[in-house]
Amino acid sequence: MLERTVTVKTIMTEVVILPGLDGTARLLDSFCLYLGKQGLHARAIAYPPDRPYGYAELEQFVRPQLPSSPFVLMGESFSGPLAIKMAADPPNGLKGLVLSTTFARSPVVGLSRLAPFMRFAPTRVPMSLLSWVLLGPWATPELRQELDTALRTLTPEVIRARVTAALRVDVSGLLPSVRVPVLQLVALQDRLLTPSAPRALSTALADCRTVRRPGPHLLLQTATQVCARDVGVFLQALGQK
């Protein structure tokens, strides 16, 4: 049974979402729609599909697009470290941070050593493998097609640059500097992240509420309505502080 929708009528805080590795907004359309049904204004910032930006360049790209009015920043998967970096040096208007199936340092232990070799790696991974890792038993033909279409918009150089950045990143030292309230969404059947990734975030962040939901790594795409409700409840609590 789906949980009831929480309508947030009195909070004018915008939700700004930074997407996963694909960097597109298309995989977040349904999530933004469900947030809208709760009276929340939400938008995802799409990254340039043809520019091999790492986290430093993406931060320069994103910061000018953030609102000056109150907002909550949300980082999904690949974008979690970027959201953490910006929350540690908060822009005007930042009221909270949401982290979904993400990490502060290289998400898979040991793979950071492979980062220098990513320029030789293939960029077109079979969809059957991607589906198993990212969607698991929640895969549907529609979700597989959306994922494939999103990834095909990227050049090989962009894919390699983002994977390399994720393998090398470590913003764990910035976590104590994040002073805004944090909501962490964790997928119980995540086949990409080790359990230590969300545990490290909940331990190091000063004000972090962790919510665990059944689902795969692409939690916002498979538990869309429930996660939208979780974000709505989080914003409602912010409005009461």
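Every value quoted in this text rests on a predicted model; they were computed, and no experiment measured them. (Residues numbered from 1 in each chain as written. Predicted model: local features only at pLDDT ≥ 70, side-chain atom pairs only at ≥ 80, totals over all residues. Heavy atoms only, no water.)

## Some details on the overall build of the protein
The condition that has to hold: Numbering of helices and strands runs from the N terminus, with a helix taken as a DSSP run of H or I at least four residues long and a strand as a DSSP run of E at least two residues long. Buried residues are those whose accessible area, probed at 1.4 Å on protein chains only, stays under 20% of the maximum for their type, while exposed residues exceed 50% and partly exposed ones sit between those limits. We call two residues in contact when some of their heavy atoms are within 4.5 Å. We get accessible surface area from the Shrake-Rupley algorithm with a probe of 1.4 Å; when it comes to residues, only the shown protein chains can shield them.
On a plain count of helices and strands, the protein comes out with nine helices and six strands. The burial tally for the protein puts 53% of its 241 residues in the buried class. The contacts of the protein with a sequence gap of at least 6 include a subset with a gap of at least 24, amounting to 80%. Surface exposure of the protein reaches about 11,300 Å², of which carbon and sulfur atoms provide 56%.

## A closer look at the packing of aromatic side chains
Just so we agree on the cut-off: What counts as a ring pair is set by centres within 6.5 Å for rings of Phe, Tyr and Trp (its six-membered ring), and what kind of pair is set by the plane angle: stacked under 30 degrees, edge-to-face over 60, tilted for all other angles.
On inspection of all chains with the given rule, the structure shows one aromatic pair. A ring pair is formed by Tyr55 and Phe78, whose centres lie 4.9 Å apart and whose planes are at 20°; its orientation type is stacked. Note that Tyr55 is positioned in helix 2 (residues 55-62) and Phe78 in the loop between strand 3 (71-76) and helix 3 (80-88), a separation of 23 residues in sequence. Judged by its relative accessible area of 2%, Phe78 is buried.

## Examining the packing of helix 2 against helix 3
Rules: Under this scheme, a helix contributes an axis fitted over its contacting stretch, all axes are lines through C-alpha atoms, and angles between N-to-C directions fall in the 0 to 180 degree range. Small angles under 35 degrees read as roughly parallel and large ones over 145 as roughly antiparallel, with 65 to 115 read as roughly perpendicular and the rest as oblique. Should the near helix be turned anticlockwise from the far one by less than a right angle, the crossing is left-handed, and should it be turned clockwise, the crossing is right-handed. Each residue gets one label: Ala, Val, Leu, Ile, Met, Phe, Trp, Tyr, Cys and Pro are nonpolar, Asp, Glu, Lys and Arg are charged, and the others, such as Gly, are polar.
Interaxial distance between helix 2 and helix 3 falls to 10 Å at its minimum, and their mutual angle equals 60°. Taken together, helix 2 and helix 3 sit at an angle that is classed as oblique. Remark: the crossing between helix 2 and helix 3 carries right-handed chirality. Counted together, Tyr55, Ala56, Leu58, Glu59 and Val62 of helix 2 and Pro81, Leu82, Lys85 and Met86 of helix 3 form the full contact between these two elements. For the contact of helix 2 with helix 3, the class distribution of residues is seven nonpolar, no polar and two charged.

## Focus: unusual backbone geometry
With a phi close to 50°, Ser77 is a non-glycine residue in the positive phi region. Along the chain, Ser77 turns up in the loop between strand 3 and helix 3. One non-glycine residue, Thr101, lies in the positive phi region at around 40°. Tracing the backbone through its elements, the reader meets Thr101 in the loop between strand 4 (94-100) and helix 4 (127-134).

## Comments concerning the pairing of strand 3
Inclusion rule: The pairing criterion for strands is at least two bridges between them, as found by DSSP.
The buried fraction of strand 3 amounts to six of the six residues, a majority that puts the element mostly inside the structure. Covered by surrounding structure in strand 3 are Phe71, Leu73 and Gly75 together with Val72, Met74 and Glu76, the residues of both alternating faces. Pairing analysis gives five bridges linking strand 1 (residues 14-18) to strand 3, with the strands arranged parallel. The residue of strand 3 that forms the bridge with Val16 is Leu73. As judged from the six bridges shared by strand 3 and strand 4, these two strands associate in the parallel manner. Of the residues in strand 4, the one forming a bridge with Glu76 is Ser100.

## Quick notes on the environment of Ala150
In this fold, Ala150 is placed in helix 5 (residues 141-151). Given a relative accessible area of 0%, Ala150 falls into the buried group. Residues contacting Ala150, with those up to four places away along its chain left out, are Asp22, Thr24, Arg26 and Leu27.

## Focus on the pattern of salt bridges
This is how the line gets drawn: The term salt bridge refers to a pairing of a side-chain nitrogen on Lys or Arg with a carboxyl oxygen on Asp or Glu at a separation within 4 Å.
The final tally for this structure, using the stated rule, is six salt bridges. With a closest N to O distance of 2.6 Å, Arg43 and Glu14 form a salt bridge. Of the two residues, Arg43 sits in strand 2 (residues 42-44) while Glu14 sits in strand 1, which places them 29 residues apart along the sequence. Look at Arg43 and you get partly exposed, because its relative accessible area is 26%.

## Digging into helix 4
Residues of helix 4 that are buried include every one of Met127, Leu130, Ser131, Val133 and Leu134, and no others. Those residues of helix 4 that are buried lie in contact with helix 5. One or two positions beyond helix 4, positive phi appears at Gly136, with a value near 55°.

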